[in-house]
Amino acid sequence: MSIDAHSPVRRGRPTRLVATLLAATLLALGLSVTANVVTATPAHALCVTPVMEGDWHNIDPATRSIVRTQLQFVCNDVITCDADTGICTGGTSYYRIRPWGACTPACDWGWRNTVRESDGWVRTQYVYSYKTVDVWARTEAWYGLTYLRVWTNNDFTAADGRADYTTNDWFLR
């Protein structure tokens, strides 16, 4: 029996059944995907917890400087704009720092927001009646460990009379 190229192709019952099942499956998948897209929850940006965040303790147990430093990352990844004023707020993420001095018990300096520098440091300032303390912090990796380095500049008022000094402390979690 020879097949003529111009003769119509005969489809039997199994071919129609397979075609019908395939069409029904594709239609069901299409509706399922459409339903999932329509009912999907909105996406939100996520801030990843950075390595600097945590509760750090000075590696020198006999330090007379800072014995403990807490760093917290504040993630403000949402910008909100007021339709009436056109003023937008949010969208600024930053670190907060809380050093503890070597007093008995340890002196809590309190939380301060920091400013991020381009070289990896975050900085802030504590102002007291007798001195101003500039604080810089950043992480550094040495021999497979991640350290927090905290550098301070203590600037005493003229009325206090003490000499200014700096500290360079290293911390581990």
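Going by the structure above, here's the rest.
Everything in this summary refers to the structure shown in the same document. Owing to the predicted nature of the structure, the values given are computational and were not obtained by experimental measurement. (Residues numbered from 1 in each chain as written. Predicted model: local features only at pLDDT ≥ 70, side-chain atom pairs only at ≥ 80, totals over all residues. Heavy atoms only, no water.)

## So, the pattern of salt bridges
Piece 1. On inspection of all chains with the given rule, the structure shows six salt bridges.
Piece 2. Put simply, Glu 117 and Arg 123 hold a salt bridge, and the shortest N to O gap is 2.2 Å.
Piece 3. Under the relative-accessibility criterion, Glu 117 is labelled partly exposed at 26%.
Piece 4. Take Arg 123: its relative accessible area is 35%, and that puts it in the partly exposed class.
Piece 5. A salt bridge links Arg 162 to Asp 160; its shortest N-O distance comes to 2.9 Å.
Piece 6. Via salt bridges that share partners, Arg 138, Glu 140 and Arg 149 belong to a single interconnected network. (Salt bridge = Lys/Arg side-chain N within 4 Å of Asp/Glu carboxyl O. Buried < 20%, exposed > 50% of the residue type's maximum accessible area, 1.4 Å probe, protein only.)

## Let's talk about the nonpolar core
Piece 1. Counting 16 residues, the largest nonpolar core has Leu 71, Val 135, Leu 148 and Val 150 as its most contacted members.
Piece 2. Among the elements of the structure, strand E2 (66–74), strand E5 (94–101), strand E9 (122–127), strand E10 (131–142) and strand E11 (145–156) are those that each provide at least two residues to this core.
Piece 3. Residues contacting Leu 148, with those up to four places away along its chain left out, are Met 52, Trp 56, Thr 69, Leu 71, Ala 137, Arg 138, Thr 139, Asp 169, Trp 170 and Phe 171. (Core = buried A, V, L, I, M, F, W, Y, C linked by side-chain atoms within 4.5 Å. Helix = DSSP H or I, 4+ residues; strand = E, 2+ residues; numbered from the N terminus. Contact = heavy atoms within 4.5 Å.)

## Comments concerning the pairing of strand E1 (residues 54–58)
Piece 1. The pairing of E1 with E2 spans four bridges and is classified as antiparallel. Opposite Asp 55, over in E2, you have Gln 70 as the bridge partner.
Piece 2. Taken together, the two bridges between E1 and strand E12 (residues 165–172) define a ladder with antiparallel strand orientation. Of the residues in E12, the one forming a bridge with His 57 is Leu 172. (Pairing = 2+ DSSP bridges.)

## Topic: the environment of Glu 117
Piece 1. Structurally, Glu 117 is set in the loop between strand E8 (115–116) and E9.
Piece 2. On a C-alpha basis, the gap between Glu 117 and Arg 138 in space is 9.9 Å, while along the polypeptide they are 21 residues apart.

## Structural notes on the side chain of Glu 140
Piece 1. Counting through the fold element by element, Glu 140 comes out in strand E10.
Piece 2. Using a relative accessible area of 11% as the deciding quantity, one classes Glu 140 as buried.
Piece 3. Separated by 3.2 Å, the side chains of Glu 140 and Trp 142 make a polar contact.
Piece 4. In contact with Glu 140, not counting residues within four places along its chain, are Leu 145, Thr 146, Tyr 147, Arg 149 and Trp 170. (Polar contact = N/O pair within 3.5 Å; in protein donor to acceptor, adjacent residues only side chain to side chain.)

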